[in-house]
Amino acid sequence: AVNDVQKASACVRAGAFDYIVKPFDIDHILEMARQLIARRRRQHLMSEMEPQAPRLWSGQTKPARDLKEKLTQAAAEDRPLLFVGEEGVEVEEAAHYVHRAGVRAAAPFETYYVSPHIRARTVMDALFGRGLGDFTSTVERGLGLIEECRGGTLLLVHPENLPVDVQEALARAFEEGLFTREGTLQRIKVDVRLMASTTVDVKDLIELKPACARFFNLFGSPCITIPPLRQREGDIVTGHVQRFERG
């Protein structure tokens with residue numbers, strides 16, 4: 001925690017994940033911790049994903065073949081993309097696969113995990129950034145994820161947890177292709193592919209919460225459903241054989 005702008009700026013340039021400005025904002029600290037844990041998990045995932053990627057989508061069962069065809073088709077497009085799957089299925093790996101096979105592969109890939117009951121202000125700051133006048137404004141890191149991964153891909157995990165105000169802001173930004181970061185007057189171009197993953201039935205969610213329809217309509221149809229391993233048990237044997245062949 002710092003109360004000196006120059007020290008905070010120097011720490012960020014030296015590689016600090018983020019900074020906390022006094023007086024403390026407890027919700028901000030908790031959200032920062034959650035995102036740091038998520039980033040560590042992604043780094044671990046990426047370090048292991050390269051040798052595993054061929055196994056994930058090279059199964060011989062029909063669900064695995066269908067999934068690979070859908071992912072390949074999605075990689076050739078640049079529209080918003082929604083993944084649906086149970087907890088524990090390889091949704092994030094699928095999103096990485098599409099990103100790395102697509103036209104945005106050379107640009108950043110960022111993931112944002114949306115916690116239940118998260119404050120709208122916290123999410124808005126994380127996604128859209130903040131201009132002058134608040135705790136993220138006094139040093140260079142006022143950018144949100146939409147700008148930080150410019151040209152790349154942004155994956156929202158559990159977007160059903162987004163406050164309605166944030167869903168509306170995202171829908172408006174991606175429909176218009178522009179947004180205004182709070183504290184600034186400049187209109188900023190949206191140049192990122194939006195992906196999202198959920199474990200809920202979107203149709204049921206929209207019936208329950210009609211206000212979220214505009215946001216989920218961004219993704220159009222069809223979504224990509226990641227089948228659980230129990231629906232492609234034959235791929236378990238394939239995976240073991242491939243692992244044995246590699247030694």
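Before reading on, note that the structure itself is shown above.
Residues numbered from 1 in each chain as written. Predicted model: local features only at pLDDT ≥ 70, side-chain atom pairs only at ≥ 80, totals over all residues. Heavy atoms only, no water.

A. Spotlight on the packing of aromatic side chains. Tallying each qualifying case throughout the model produces four aromatic pairs. With centroids separated by 5.1 Å and ring planes inclined at 65°, the aromatic side chains of Phe 128 and Phe 179 adopt a geometry described as edge-to-face. One end of the pair, Phe 128, is in helix α5 (residues 120-128); the other, Phe 179, is in strand β4 (residues 178-180), and 51 residues separate them in sequence. Look at Phe 128 and you get buried, because its relative accessible area is 6%. In this structure Phe 179 comes out as buried when scored by relative accessible area, which is 4%. A ring pair is formed by Phe 215 and Phe 216, whose centres lie 5.1 Å apart and whose planes are at 80°; its orientation type is edge-to-face. For the residue pair Phe 215 and Phe 216, the accessibility class agrees, reading buried in each case. Ring pairing ties together the aromatic residues Phe 215, Phe 216 and Phe 219, which thus form one cluster. (Phe/Tyr/Trp six-rings, centres within 6.5 Å; stacked < 30°, edge-to-face > 60°. Helix = DSSP H or I, 4+ residues; strand = E, 2+ residues; numbered from the N terminus. Buried < 20%, exposed > 50% of the residue type's maximum accessible area, 1.4 Å probe, protein only.)

B. Focus on the environment of Gln 231. For Gln 231, the location among the structural elements is in the loop between β7 (224-225) and α10 (234-245). Considered as a pair, Gln 231 and Ala 64 are 167 residues apart in the sequence and their alpha carbons are 9.1 Å apart.

C. Examining the packing of helix α3 (residues 62-75) against helix α4 (residues 91-101) more closely. Between α3 and α4, the shortest axis-to-axis distance is 8 Å and the interhelical angle comes to 45°. As far as their axial angle goes, α4 and α3 are oblique. Taken as a pair, α3 and α4 cross one another with a handedness that is right-handed. Contacts between α3 and α4 pair Lys 68, Leu 71, Thr 72, Ala 74 and Ala 75 from the former with Ala 94, Tyr 97, Val 98 and Ala 101 from the latter. Partitioned by chemical class, the residues of the contact of α3 with α4 number seven nonpolar, one polar and one charged. (Axes fitted to C-alpha atoms, helices over the stretch in contact; angles between N-to-C directions. Parallel < 35°, antiparallel > 145°, perpendicular 65-115°, else oblique. Left-handed = near helix turned anticlockwise from the far one by under 90°. Contact = heavy atoms within 4.5 Å. Nonpolar A, V, L, I, M, F, W, Y, C, P; charged D, E, K, R; others polar.)

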